[in-house]
Amino acid sequence: MHVLVTGGAGFIGSHVVDALLRCGYSVTVLDSLESRVHPDRSWPECLAAVRRVRGDVTQRDDWLVALDDADAVVHLAAYQDYQADFSRFALVNDAGTALLYELLVERKQPVQRVVVASSQAVYGEAAYQCSEHGRQYPPPRSPQQLSRGNWDLVCPVCRVPLEPVASTEEHPSPTNAYGISKLATESYALTLGARHDIPSAALRFSIIQGPRQSPANAYSGVLRAFVGHIRQGRRPVVYEDGRQRRDYTHIRDAVSAVELVLEHPDAVGQAFNVGSGAVTTVLEYANAVLAAMGVDLQPDVSGRYRLGDTRHVWSDTARISALGWRPTGTLHEIIRDYLAWIADAPAGEDWTARALSRMESAGVVRQVAQNP
Ligand SMILES: NC(=O)c1ccc[n+]([C@@H]2O[C@H](COP(=O)([O-])OP(=O)(O)OC[C@H]3O[C@@H](n4cnc5c(N)ncnc54)[C@H](O)[C@@H]3O)[C@@H](O)[C@H]2O)c1
């Protein structure tokens, strides 16, 4: 089977390509080598053995070249950022996916499977339980609430503090442009896929971590940011009070989820959460990274916060587990594997400081009026 992997030069994509080649698939990669991810605009060495198409998923002609001979598509290319350029999310993520389906229908191309990357971001402020009023899906915390350093959510009915719970697939409710565009990506795939007999599945990744996360990519996750600060001799910056809960997930588990839904007949027509199942606070993560790097510093918890961040979110993975998927990566392995990889990367520019200052000047990262 010949698989087209869009975004195959990126973090998840390059690992997916490795795995597909190991399984005996042949692969084409379509990637625009975005400078925000690939500052030198060159192909990663690990893709030397595959057919590479440098092109953009918003461009019809680039898709046409890349789709040639494809029996399946893993669509990972996406625009990701914290900035307020809302239309760009729609252009790349929504319209790029729509264009894929438009061309598959137009060409009557008989693909065996399309897998699209979605995100935990579709859950917005995520799921909570009120002891009195049951399951709640609260609206996002307001800028005013955040500016007071008042981080936690209360029941919209009785104002009692809410207890966070795992998010299941039934209640997507995105609250930012990225999440909205990822839900649109899924909708195109699952709805148009069903209508036009294009077997499709979507994966809602939690925060995926591991080697090859571009140090230049400001959206590539907290481990990159922690390590970036520490390598420059700074304390790792932790937003809010660091008690936010997340399910950091090893890249190996994201790849095994892609492999599973690419083949499994029961995956068709569904969106699946892909998370580690292990809930960790941001502060615990920062301390684990400091310990692994043998650095005697404390995390910098100084009242910064990021507008639009979710307080707590982690995913229930029962749906994909029913198909036989199990996550195996631990936080220890994530940190160990990333540090082993980054040790060989040149220190280069101080991307982390640059990203932080860009977010601060755009008003995305803010400081509480008075440190609580
Ligand atoms: N890494 C995570 O934690 C995570 C979590 C949830 C969802 N996702 C989703 O998984 C997918 C892969 O994420 P990643 O972490 O590997 O990102 P990444 O930035 O490392 O890789 C994305 C790749 O897509 C390419 N690309 C971007 N825009 C493009 C365009 N218009 N046309 C062609 N190529 C383009 C980039 O050059 C890059 O190589 C994305 O769809 C992302 O939204 C990732």
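Counting starts from 1 at the beginning of each chain's written sequence and moves along it residue by residue. Per-residue local features of the predicted model are confined to residues with pLDDT of at least 70, and side-chain atom pairs are confined, for both listing and counting, to 80 or more; whole-chain, interface and lining totals are unaffected and use all residues.

1. Quick notes on the overall build of the protein chain
How we decide: Here a strand is any run of E in DSSP of at least two residues, a helix any run of H or I of at least four, and the numbering for each starts at the N terminus. Both definitions apply: the radius of gyration is a C-alpha atom measure, and the globule rule equals 2.2 Å times residues to the power 0.38. Each residue is classed by its C-beta neighbour count within 10 Å, where at least 20 other C-beta atoms makes it buried, 12 or fewer makes it exposed, and intermediate counts make it partly exposed; the C-beta atoms are placed from backbone geometry. A residue pair is marked as a contact if its C-beta atoms, positioned from the backbone, fall within 7 Å.
When helices and strands are counted, the protein chain shows 11 helices and 16 strands. Taking 372 residues into account, the globule formula puts the C-alpha radius of gyration at 21 Å, and the protein chain, at 20 Å, falls close to it. C-alpha extents for the protein chain along the principal axes are approximately 60 × 50 × 35 Å. Here the protein chain holds 372 residues, and the buried ones make up 45% of them. The long-range share in the protein chain, meaning contacts at least 24 apart out of those at least 6 apart in sequence, stands at 80%.

2. With respect to the nonpolar core
The nonpolar side chains of a soluble globular protein tend to be buried with one another. The cut-off we apply is this: When buried Ala, Val, Leu, Ile, Met, Phe, Trp, Tyr and Cys residues are joined through C-beta atoms within 7 Å, the set is termed a nonpolar core.
Ranked by internal contacts, the top residues of the largest apolar core, which has 99 residues, are L203 and V258. Examining the composition of this core, we find that eight residues originate from one element, helix α5 (residues 177-195), more than from any other. Beyond its immediate stretch of four places on either side in the chain, V258 contacts V16, V74, V115 and L203.

3. Some thoughts on the packing of helix α1 (residues 11-22) against helix α7 (residues 251-263)
Using the following cut-off: The convention used is that axes are lines fitted to C-alpha atoms, helices contributing only their stretch in contact, and that angles between N-to-C directions extend from 0 to 180 degrees. Should an angle fall under 35 degrees it is called roughly parallel, over 145 degrees roughly antiparallel, and 65 to 115 degrees roughly perpendicular, with every other angle called oblique. Handedness of a crossing follows from how the near helix is turned relative to the far one, being left-handed for an anticlockwise turn of less than a right angle and right-handed for a clockwise one. Just so you know the grouping, Ala, Val, Leu, Ile, Met, Phe, Trp, Tyr, Cys and Pro go in nonpolar, Asp, Glu, Lys and Arg go in charged, and all remaining residues, Gly too, go in polar.
Running from amino to carboxyl end, α1 crosses α7 at an angle of 60°, the nearest separation of the two axes being 9 Å. Viewed along their axes, α1 and α7 adopt a mutual orientation that is oblique. Of the two elements, α1 crosses α7, and the hand of that crossing is right-handed. Across from I12, H15, V16 and A19 in α1, the residues of α7 making contact are I251, A254, V255, V258 and E259. Classifying every residue of the contact of α1 with α7 gives seven nonpolar, one polar and one charged.

4. A closer look at the site of the ligand
Threshold: Using a C-beta atom placed from the backbone, a residue is scored as near a molecule or strand whenever that atom is within 6 Å of it.
Around the ligand sit 31 residues in total, of which G7, G10, F11, A77 and A78 are the nearest. Elements that contribute at least two residues to the shell around the ligand include exactly α1 and β5 (113-119). Top element by residues in the shell around the ligand is α1. It accounts for three residues. Among the residues forming the shell around the ligand, the class breakdown is 15 nonpolar, 13 polar and three charged.

5. Focus: the sheet that holds strand β6 (residues 127-130)
Let me state the cut-off plainly: The rule for pairing is simple: two strands pair if DSSP sees at least two bridges between them.
Strand order across the open sheet formed by three strands is β7-β6-β8, with antiparallel pairing between neighbours. The sheet terminates laterally at β7 (134-136) and β8 (163-165), the two strands that pair on one side only. Sheet twist, expressed as the mean angle between neighbouring strand axes with direction ignored, is 40°. With three bridges joining them, β6 and β7 adopt antiparallel strand pairing. Residue pairing in the sheet places Q129 in a bridge with R135 of β7.

6. Section: the pairing of strand β13 (residues 271-274)
Regular strands show a simple pattern: their side chains alternate between the two faces of the sheet. Burial along β13 is two-sided: A271 and N273 facing one way and F272 and V274 facing the other are all buried. Two elements, strand β9 (residues 200-205) and β13, share four bridges in a ladder whose sense is parallel. For L203, the partnering residue across the bridge sits in β13 and is F272.

7. Section: the sheet that holds strand β1 (residues 2-6)
Whether parallel or antiparallel, the strands of a sheet pair through hydrogen bonds between backbone atoms. As summarised here, the arrangement of the seven strands in space is β3-β2-β1-β4-β5-β9-β13, forming an open sheet in which the pairing is parallel. Unpaired on one side and paired on the other, β3 (51-54) and β13 mark the two borders of the sheet. On average, each strand axis in the sheet is inclined to that of its neighbour by 20°, with strand direction left out of account. Two elements, strand β4 (residues 72-75) and β5, share four bridges in a ladder whose sense is parallel. Within β5, the residue paired with V74 across the bridge is V115.

8. Observations concerning unusual backbone geometry
Positive phi outside glycine occurs at L33, with the angle close to 50°. Along the polypeptide, L33 turns up in the loop between β2 (26-31) and β3. Overall, L33 belongs to the partly exposed group, with 18 C-beta atoms counted inside 10 Å. Phi angles above zero are rare outside glycine, and K108 is one such case at about 50°. For K108, the location among the structural elements is in the loop between α3 (86-107) and β5.

9. Thoughts on the environment of G210
Assignment of secondary structure puts G210 in the loop between β10 (208-209) and α6 (222-231). With 25 C-beta atoms counted inside 10 Å, the residue G210 sits in the buried group. Separated by 13 residues in sequence, G210 and L223 have C-alpha atoms that sit 8.5 Å apart. Apart from residues no more than four positions distant in its own chain, G210 is found in contact with H250, I251, I334, D337 and Y338.

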